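Residue-level structure breakdown
Letter by letter, the chains look like this.
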Amino acid sequence: MPNKVEEFNAYRSRMNEKLLADNNKLIKRIFNLDTNAYMAGALDVKTKELLGLVASAVLRCDDCVKYHLESAKDAGAQKEEVMETLGIATLVGGTIVVPHLRRAYEYWENLESQGS
């Protein structure tokens, strides 16, 4: 069975390289803005990643949810924090978010099984 985390990260890296190689100034600026927005500031990185997770779930972007789950885990988020965050996202977004909640839970399990 393919590793969902490795598969997602490989695809994301490969496609980001292709996008950035086209040297589109607007795309590069958007990527740069995104990178800088999630750096520590008045809010720490973990908090920003959990906020990104809420927004991604409410907007129903599974790729974004995966990215923020992994980034939040790397920033030290624990399962309880992530599940509470996803609960808020489901409350804000409504029941249409439930399928994304399921996939987020599954992806978090994959992250935990990697021990990263």
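Residues numbered from 1 in each chain as written. Predicted model: local features only at pLDDT ≥ 70, side-chain atom pairs only at ≥ 80, totals over all residues. Heavy atoms only, no water.

Of the voids in this model, the largest pocket is the one considered here, and its volume is about 480 Å³. Every residue lining the largest pocket is counted, 17 residues in all, and those nearest its centre are R12, N16, F31, D34 and Y67. Counting only elements with at least two residues in the lining of the largest pocket, the list comes to α1 (4-21), α2 (25-37), α3 (45-58) and α4 (62-74). (1 Å grid on protein atoms, 1.4 Å probe; cavity = no way out; pocket = protein on both sides within 12 Å on 5 of 7 lines; lining within 4 Å. Points joined across faces, edges and corners; volume = space filled by probe spheres on them. Helix = DSSP H or I, 4+ residues; strand = E, 2+ residues; numbered from the N terminus.)

Right, let's get into α2. For α2, with 13 residues, the first-to-last C-alpha span of 18 Å sits near the 18 Å given by 1.5 Å per residue. Regarding α2, its N-cap is N24, as a side-chain oxygen of that residue lies 2.9 Å from the backbone nitrogen of L26 further along. (Expected span 1.5 Å × (residues − 1). Polar contact = N/O pair within 3.5 Å; in protein donor to acceptor, adjacent residues only side chain to side chain.)

Let's shift gears to the pattern of salt bridges. Taken as a whole and judged by the stated rule, the model has 3 salt bridges. Residue E81 pairs with K46 through a salt bridge whose shortest N-O separation is 2.7 Å. Pair noted here: E81 is in helix α5 (residues 79-93) and K46 is in helix α3, with a separation of 35 residues, a long-range link. Between D62 and R103 there is a salt bridge whose closest N-O contact spans 2.7 Å. Residue D62 is located in helix α4, and its partner R103 is located in helix α6 (residues 98-114); the two are separated by 41 residues in the primary sequence. The exposure class of D62 is partly exposed, given its relative accessible area of 22%. The exposure class of R103 is partly exposed, given its relative accessible area of 39%. (Salt bridge = Lys/Arg side-chain N within 4 Å of Asp/Glu carboxyl O. Buried < 20%, exposed > 50% of the residue type's maximum accessible area, 1.4 Å probe, protein only.)

A few words now on the packing of α3 against α4. Where α3 meets α4, the closest approach of the two axes is 9 Å, and the angle between their N-to-C directions is 160°. Of the possible angle classes, the one that applies to α3 and α4 is roughly antiparallel. In this structure, the crossing between α3 and α4 has a hand that is left-handed. Of the residues in α4, those in contact with E49, L50, G52, L53, S56 and A57 of α3 are C64, V65, Y67, H68, L69, S71 and A72. Among the residues forming the contact of α3 with α4, the class breakdown is 8 nonpolar, 4 polar and 1 charged. (Axes fitted to C-alpha atoms, helices over the stretch in contact; angles between N-to-C directions. Parallel < 35°, antiparallel > 145°, perpendicular 65-115°, else oblique. Left-handed = near helix turned anticlockwise from the far one by under 90°. Contact = heavy atoms within 4.5 Å. Nonpolar A, V, L, I, M, F, W, Y, C, P; charged D, E, K, R; others polar.)

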